[in-house]
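Coordinate analysis (summary)
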Amino acid sequence: MAWQTYLVEHYRPGLAVEGLRQWAARVRDAALAMERDGKSVRYVRSMIVPGDESLLCLLEAATEQLVHELYARAGIPFERIQPAIADAGGTETS
């Protein structure tokens, strides 16, 4: 089964860093519960951007619909879900 990486964006003016951390934990917990249920979705990581009052979550899933299901289960709104390409990274220079 092919997995796709998805970036989920949340912009919450007025929500402090601790609130965003709690949201990230709810996303992670929902992903773990779905994995236990045999669903093809996996939490990768989250990043909080305090200056923008935003949370970015990186997930892997077999379908975008599973990401929507994860967020419905977590009860957290989001602005956008976008397929993303993971860069293997490195120290390559031009």
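Residues numbered from 1 in each chain as written. Predicted model: local features only at pLDDT ≥ 70, side-chain atom pairs only at ≥ 80, totals over all residues. Heavy atoms only, no water.

Assigned secondary structure in the protein chain consists of 2 helices and 4 strands. For the protein chain, the N- to C-terminal ordering of α and β elements is β-α-β-β-α-β. The C-alpha atoms of the protein chain give a radius of gyration of 14 Å, which matches the 12 Å a tight globule of 94 residues would have. The principal-axis extents of the C-alpha atoms in the protein chain amount to approximately 45 × 40 × 20 Å. Looking at the protein chain alone, contacts between residues at least 24 apart form 70% of all its contacts between residues at least 6 apart. (Helix = DSSP H or I, 4+ residues; strand = E, 2+ residues; numbered from the N terminus. Rg over C-alpha atoms; globule rule 2.2 N^0.38 Å. Contact = heavy atoms within 4.5 Å.)

Take the side chain of Glu9 next. Relative to the assigned elements, Glu9 resides in strand β1 (residues 4-11). We classify Glu9 as buried; its relative accessible area is 8%. Excluding residues within four positions of it along the chain, Glu9 makes contact with Leu55, Leu56, Phe78, Glu79, Arg80 and Gln82. (Buried < 20%, exposed > 50% of the residue type's maximum accessible area, 1.4 Å probe, protein only.)

Glancing now at the packing of aromatic side chains. For any pair of aromatic rings, geometry is given as the distance between the ring centres together with the angle between the planes. Counted according to the given criterion, the structure contains 1 aromatic pair. Note that Arg28 overlies the ring of Tyr43, its terminal NZ or CZ placed 5.7 Å from the centroid. Here the guanidinium or amino end of Arg42 rests over the ring plane of Trp3, the centre of that ring lying 4.2 Å away. (Phe/Tyr/Trp six-rings, centres within 6.5 Å; stacked < 30°, edge-to-face > 60°. Lys NZ or Arg CZ within 6 Å of the ring centre and 35° of its normal.)

In this section: the sheet that holds strand β4 (residues 80-84). The 4 strands lie next to each other as β2-β3-β1-β4, forming an open sheet whose pairing is antiparallel. At either margin of the open sheet sits one strand with a lone partner, and together these are β2 (41-49) and β4. The sheet shows a mean angle of 25° between the axes of neighbouring strands, taken without regard to direction. By the bridge criterion, 5 bridges tie β1 to β4 in an arrangement that is antiparallel. Bridge assignment links Val8 to a residue of β4, and that residue is Ile81. Along the sheet, helix α1 (residues 17-36) contacts β1, β2 and β3 (54-61); its crossing angle with β2, the most-contacted strand, is approximately 175°. Each of β1, β2, β3 and β4 is contacted by helix α2 (residues 64-74), which is oriented at about 130° to β3, the strand it contacts most. (Pairing = 2+ DSSP bridges. Axes fitted to C-alpha atoms, helices over the stretch in contact; angles between N-to-C directions.)

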